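Inside the fold
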Amino acid sequence: MSIRIKDFGINLKTVYCPKCNTEQPKIRKPKGWKEILWGGNTCKNCGCKMDKYGKERK
Ligand SMILES: [Zn+2]
């Protein structure tokens, strides 16, 4: 049995927007309950939604 820790942890690396490469702030206000639950950012520059690792979320 193994626990996928990275799904629950906090990404401490700087995240960049996958679309416009804007650096995302580490401290953020979650935009909704999904961001509260899963972490992640909404890019201020282009509005792209991404997870806490900077992967685009569809
Ligand atoms: Zn962006």
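Residues numbered from 1 in each chain as written. Predicted model: local features only at pLDDT ≥ 70, side-chain atom pairs only at ≥ 80, totals over all residues. Heavy atoms only, no water.

1. Some details on the pattern of salt bridges
Taken as a whole and judged by the stated rule, the model has 1 salt bridge. Between Glu 56 and Lys 19 there is a salt bridge, with the nearest N and O atoms lying 3.5 Å from each other. With Glu 56 in the segment after strand S2 (49-50) and Lys 19 in the segment before helix H1 (33-38), the pair connects residues that are 37 residues apart, well separated along the chain. (Salt bridge = Lys/Arg side-chain N within 4 Å of Asp/Glu carboxyl O. Helix = DSSP H or I, 4+ residues; strand = E, 2+ residues; numbered from the N terminus.)

2. Here's the deal with the coordination of the zinc ion
Around the zinc ion, the protein contributes the donor atoms Cys 17 (SG), Cys 20 (SG), Cys 43 (SG) and Cys 46 (SG), at 2.2 to 2.3 Å from the metal centre. Between the 4 donor atoms coordinating the zinc ion, the angles at the centre fall across 105 to 116 degrees, so the site counts as tetrahedral. Here the donor residues of the zinc ion share one chain and are spaced in sequence as C-x2-C-x22-C-x2-C. Here Cys 43 lies in the loop between strand S1 (41-42) and S2 and Cys 20 lies in the segment before H1, a separation of 23 residues in the sequence. (Donors = N, O, S within 2.8 Å, 3.2 Å for Na, K, Ca; no water. Tetrahedral: all angles 85-135°; square planar, octahedral: opposite > 155°, others 65-115°.)

3. Focus on unusual backbone geometry
The phi angle at Asn 21 is positive, at roughly 70 degrees, despite the residue not being glycine. Along the polypeptide, Asn 21 turns up in the segment before H1.

4. Thoughts on the nonpolar core
Of all hydrophobic cores here, the largest spans 5 residues; its members are Val 15, Cys 17, Cys 43, Cys 48 and Met 50. Among all residues touching Cys 48, those that are not within four sequence positions of it are Cys 17, Pro 18, Lys 19, Asn 41, Thr 42, Cys 43 and Glu 56. (Core = buried A, V, L, I, M, F, W, Y, C linked by side-chain atoms within 4.5 Å. Buried < 20%, exposed > 50% of the residue type's maximum accessible area, 1.4 Å probe, protein only. Contact = heavy atoms within 4.5 Å.)

5. A few points about the environment of Gly 39
Examined against the element boundaries, Gly 39 turns out to sit in the loop between H1 and S1. The class for Gly 39 is buried, based on a relative accessible area of 10%. In this structure, the C-alpha to C-alpha distance between Gly 39 and Lys 52, residues 13 residues apart in sequence, is 5.4 Å.

6. Some thoughts on the environment of Tyr 16
By secondary structure assignment, the location of Tyr 16 is in the segment before H1. By relative accessible area, Tyr 16 is classed as partly exposed at 40%. Sequence separation between Tyr 16 and Lys 55 is 39 residues, and the spatial gap between their C-alpha atoms is 8.9 Å. Once residues lying within four places of it in the same chain are set aside, the contact partners of Tyr 16 are Asn 21, Thr 22, Glu 23, Gln 24, Met 50 and Gly 54.

No statement about biological role is implied by the geometric values presented.
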